[in-house]
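# Residue-level structural notes
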Amino acid sequence: MRVLMVAPPGAGKGTQGAVIAAHFDIPHIATGDLLRDHVARQTPLGREVRDRLDRGDLVPDQIVLDMVGDELLRAKRNGTGYVLDGMPRNITQARAVYQVAKSLDMTANVALHLQADDDELIRRLLARAALEHRTDDTDEVIRRRLALYHDVTHPIVAWYASRGILVSVDAMRPVERVARQILTALEAMRPLLDHVPEHARRPVDLTGLGAAFGDA
Ligand code: ADP
């Protein structure tokens, strides 16, 4: 299973990425975690990106692309799939990741889109700020990250829809319900992945299926 996630900050990419990774026994490649690790270890790369992370700005495309390229190569060598969390964040990155993955014969077979309202996202991020003290979880920086998501990240969803690999889920529900929807959708798609070419598939939209997954 090769999945990439497109979601606004606070939608649960990290949490659901870990669930997917555990379920399919694949590596969880989280660009934000990799970058924060560099900052914590004070590597040259960490020193270069720290201010951008603190402001909620994107770091240069090539930096994340190199990091992710290394991780995809490792997954290829280990013969696994992957769940990519945090990249792509703009259309340039989307095309670049596609090219790198293609050269490894490792392109994503699912682009998982988590949807949630801004008010809910802000509420979650501020709640997390109180617990984790991430430097970019302040009110002002959260708004900047959300604006960036709407401006440059969300538009790539349409690109994945046109490639036939988009799966959208409603991430407003409790974590376990979102996880159940995601795993159900991915398991349902698994038999198709090797047999139905991408261009012959249709986007999968589960956002209106709340009742089927236990909502009142
Ligand atoms: P969130 O999705 O909540 O903003 P992440 O942990 O995914 O959190 O990312 C944190 C920060 O790391 C981003 O605000 C950005 O500065 C940087 N970052 C992560 N992934 C990328 C990427 N693909 N391109 C550029 N910057 C990135």
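Report on the accompanying structure. All values derive from a computational prediction rather than experimental measurement.

This next bit is on the environment of Asp57. With respect to the element layout, Asp57 can be found in the loop between α3 (44–55) and α4 (61–78). Contacts of Asp57, omitting those with residues within four sequence positions, involve Arg52, Arg144 and Leu148. Looking at Asp57, its side chain comes within polar contact range of the side chain of Arg55, at 2.9 Å. There is a polar contact of 2.5 Å between the side chain of Asp57 and the side chain of Arg144.

What follows is about helix α9 (residues 175–193). Between its first and last C-alpha atoms α9 spans 26 Å; for 19 residues at 1.5 Å apiece the expected length is 27 Å, and the two agree. For α9, the full list of buried residues reads Val178, Ala179, Gln181, Ile182, Leu183, Ala185, Leu186, Met189 and Leu193. Packing partners of the buried residues in α9 comprise β1 (2–6), α1 (13–24), β4 (110–115) and β5 (166–170).

This part is about the pattern of salt bridges. Enumeration according to the criterion identifies 15 salt bridges in this entry. The salt bridge partner of Arg36 is Asp33, with a shortest N-O separation of 2.9 Å. With Arg36 and Asp33 both in helix α2 (residues 31–41) and three residues apart, the pair spans about one turn of that helix. Owing to a relative accessible area of 28%, Arg36 belongs among the partly exposed residues under this scheme. The exposure class assigned to Asp33 is partly exposed, which follows from its relative accessible area of 45%. We note a salt bridge from Glu71 to Arg74, for which the minimum N-O separation is 3.2 Å. Of the two residues, Glu71 and Arg74 are both situated in helix α4; the distance of three residues between them amounts to about one turn of the helix. Looking at Arg74, the relative accessible area reads 47%, which means it is partly exposed.

Right, let's get into the packing of aromatic side chains. In total, this model carries two aromatic pairs according to the counting rule given. With a centroid separation of 6.2 Å and 90° between ring planes, the pair formed by Tyr98 and Trp159 is classed as edge-to-face. Here Tyr98 is found in helix α5 (residues 91–103), whereas its partner Trp159 is found in helix α8 (residues 156–163), with 61 residues between them in sequence. Seen in terms of ring centroids, Trp159 and Tyr160 are 5.2 Å apart; in terms of plane orientation they differ by 70°. Their pairing is edge-to-face. We note that Trp159, like Tyr160, is buried. A connected cluster of aromatic rings, assembled from ring pairs, spans Tyr98, Trp159 and Tyr160. Over the aromatic face of Trp159 sits the side chain of Arg163, whose NZ or CZ is 5.1 Å from the ring centroid.

Right, let's get into the pairing of strand β3 (residues 82–85). With burial as the criterion, each face of β3 is covered, one bearing Tyr82 and Leu84 and the other bearing Val83 and Asp85. As defined by bridge partners, β1 adjoins β3 across four bridges and the pair is classed as parallel. Bridging across to β3, Arg2 finds its partner in Tyr82. Sheet topology note: the strand β2 (residues 28–30)/β3 ladder contains three bridges and is parallel. Within β3, the residue paired with Ala30 across the bridge is Asp85.

What follows covers the nonpolar core. Judged by nonpolar contacts, the single largest core of 31 residues is most densely connected at Leu35, Tyr82, Leu84 and Tyr160. Where this core is concerned, the elements lending two or more residues are β1, α3, α4, β3, α5 and α8. Among the elements that make up this core, the one with the highest residue count is α4 (seven residues). Apart from the residues lying within four places of it in its own chain, the contact partners of Tyr82 are Met1, Arg2, Val3, Ile26, Pro27, Ile29, Leu72, Ala101, Met106, Thr107 and Ala108. Ile20, Ala21, Leu146 and Ile182 belong to the second largest nonpolar core, which has 30 residues in total.

Glancing now at the site of the ligand. Around the ligand lies a shell of 19 residues, among which Lys13, Thr31, Asp57, Gln93 and Arg145 are the nearest. A distance of 2.8 Å separates an oxygen atom of the ligand from a polar side-chain atom of Arg145. Protein chains shield 96% of the accessible area of the ligand, which is 550 Å² for the free molecule. No other element matches α2, which puts four residues into the shell around the ligand.

Parameters at a glance
Residues numbered from 1 in each chain as written. Predicted model: local features only at pLDDT ≥ 70, side-chain atom pairs only at ≥ 80, totals over all residues. Heavy atoms only, no water. Helix = DSSP H or I, 4+ residues; strand = E, 2+ residues; numbered from the N terminus. Contact = heavy atoms within 4.5 Å. Polar contact = N/O pair within 3.5 Å; in protein donor to acceptor, adjacent residues only side chain to side chain. Expected span 1.5 Å × (residues − 1). Buried < 20%, exposed > 50% of the residue type's maximum accessible area, 1.4 Å probe, protein only. Salt bridge = Lys/Arg side-chain N within 4 Å of Asp/Glu carboxyl O. Phe/Tyr/Trp six-rings, centres within 6.5 Å; stacked < 30°, edge-to-face > 60°. Lys NZ or Arg CZ within 6 Å of the ring centre and 35° of its normal. Pairing = 2+ DSSP bridges. Core = buried A, V, L, I, M, F, W, Y, C linked by side-chain atoms within 4.5 Å. Near = heavy atom within 4 Å. Areas by Shrake-Rupley, 256 points an atom, 1.4 Å probe, with all protein chains shown as cover.

Read these as spatial facts, not as claims about activity.
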